[in-house]
Amino acid sequence: QVQLVESGGGLAQPGGSLRLTCVASGFAASDYAMGWYRQAPGKECELVAGITSVSGSTNYADSVKGRFTISRDDGKNTAYLDMNSLKLEDTAVYYCHASHPLRGLADFRTQCAREFEYEFWGQGTQVAVSS
């Protein structure tokens with residue numbers, strides 16, 4: 001019953017924009033920290049952006065700071081990632097993630113897949129940046 005579903009991925013040109021959407025069901029996303037991770041072939045699962053459950057405080061990977069914005073709408077059980085000024089190196093599968101606020105969000109994971117209790121992952125959405 002617990003599910004995170006991402007949408008909005010696709011092909012974009014360098015300098016372009018995309019908006020990723022993550023809809024949670026089966027649990028209250030308002031009780032969890034939400035994050036967007038990405039994984040490119042042969043790379044670790046990297047935290048791109050995170051947002052806390054209570055204060056809404058955000059954090060970003062240095063590589064996307066100033067270009068990406070994470071937000072949440074707890075009334076809709078939804079999180080977003082607005083990506084601007086896209087670069088070739090942004091190409092990856094992007095995953096929505098929910099984590100218990102006491103655990104927080106790790107900067108890197110071996111895989112963008114469930115490892116601990118009280119965390120949830122979406123199936124991922126492909127973002128390809130190419131000219």
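Please refer to the structure higher up on the page.
A quick note: this is a predicted structure, and the numbers were derived from the prediction, not measured.

What counts, and where the lines are drawn
- Residues numbered from 1 in each chain as written.
- Predicted model: local features only at pLDDT ≥ 70, side-chain atom pairs only at ≥ 80, totals over all residues.
- Heavy atoms only, no water.
- Helix = DSSP H or I, 4+ residues; strand = E, 2+ residues; numbered from the N terminus.
- Rg over C-alpha atoms; globule rule 2.2 N^0.38 Å.
- Buried < 20%, exposed > 50% of the residue type's maximum accessible area, 1.4 Å probe, protein only.
- Contact = heavy atoms within 4.5 Å.
- Areas by Shrake-Rupley, 256 points an atom, 1.4 Å probe, with all protein chains shown as cover.
- Lys, Arg positive; Asp, Glu negative; His and termini not counted.
- Charge placed at Lys NZ, Arg CZ, Asp CG, Glu CD.
- Phe/Tyr/Trp six-rings, centres within 6.5 Å; stacked < 30°, edge-to-face > 60°.
- Lys NZ or Arg CZ within 6 Å of the ring centre and 35° of its normal.
- Disulfide = S-S within 2.5 Å.

It is worth spelling out the overall build of the chain at this point. If you tally the helices and strands in the chain, you get zero helices and twelve strands. Each helix and strand of the chain, ordered N terminal to C terminal, gives the series β-β-β-β-β-β-β-β-β-β-β-β. For 131 residues, the compact-globule formula gives about 14 Å, and the C-alpha radius of gyration of the chain, at 14 Å, lands near that figure. On the principal axes, the C-alpha backbone points of the chain span a range of 40 × 30 × 25 Å. Every one of the 131 residues in the chain was classed for burial, and the buried ones make up 44%. Sequence-distant contacts in the chain: of pairs separated by 6 or more residues, those separated by 24 or more amount to 61%. About 6,700 Å² of surface is accessible on the chain, with carbon and sulfur atoms providing 48% of the total. Seen as two clouds, the 11 positive and the 14 negative side-chain charges of the chain have centres 3 Å apart.

Attention shifts here to the packing of aromatic side chains. Enumeration according to the criterion identifies five aromatic pairs in this entry. Ring geometry for Tyr-37 versus Trp-121: centroids 5.1 Å apart, planes at 55°, classification tilted. Here Tyr-37, found in strand β4 (residues 33-39), pairs with Trp-121, found in strand β11 (residues 119-121); they are 84 residues apart in sequence, far enough to count as distant. For the pair Tyr-37 and Trp-121, a shared accessibility class is recorded, and that class is buried. Ring centres of Tyr-95 and Trp-121 lie 6.4 Å apart, and the angle between their planes is 85°; this geometry places the pair in the edge-to-face category. You can see Tyr-95 sitting in strand β9 (residues 92-99) and its partner Trp-121 sitting in strand β11, a full 26 residues away along the chain. The class for Tyr-95 is buried, based on a relative accessible area of 14%. Accessibility expressed as a relative area gives 12% for Trp-121, which makes it buried. We note Arg-19 situated over the ring of Tyr-80; from NZ or CZ to the ring centre the distance is 4.0 Å.

The next point concerns the state of the cysteines. Covalently bonding the sulfur atom of one cysteine to the sulfur atom of another cysteine gives a disulfide. Evaluation of the coordinates by the stated rule reveals two disulfides. There is a disulfide in this structure between Cys-22 and Cys-96, and the S-S distance comes to 2.0 Å. Across the S-S bond linking Cys-22 and Cys-96, the dihedral sits near -80°, which makes this disulfide left-handed. Here the residue Cys-22 occupies a position in strand β3 (residues 18-25), and Cys-96 occupies one in strand β9, the gap between them amounting to 74 residues. Taking the relative accessible area as the measure of exposure, Cys-22 reaches 1% and is therefore buried. The disulfide bridge from Cys-45 ends at Cys-112, spanning 1.9 Å between sulfur atoms. The S-S bond linking Cys-45 to Cys-112 shows a torsion near 100°; that makes this disulfide right-handed. Linking Cys-45 in strand β5 (residues 45-51) with Cys-112 in the loop between β10 (108-109) and β11, this pair joins segments that are 67 residues apart in sequence. Looking at Cys-112, the relative accessible area reads 8%, which means it is buried. Each disulfide of the chain joins two cysteines, and with those cysteines numbered along the sequence the arrangement is 1-3, 2-4.

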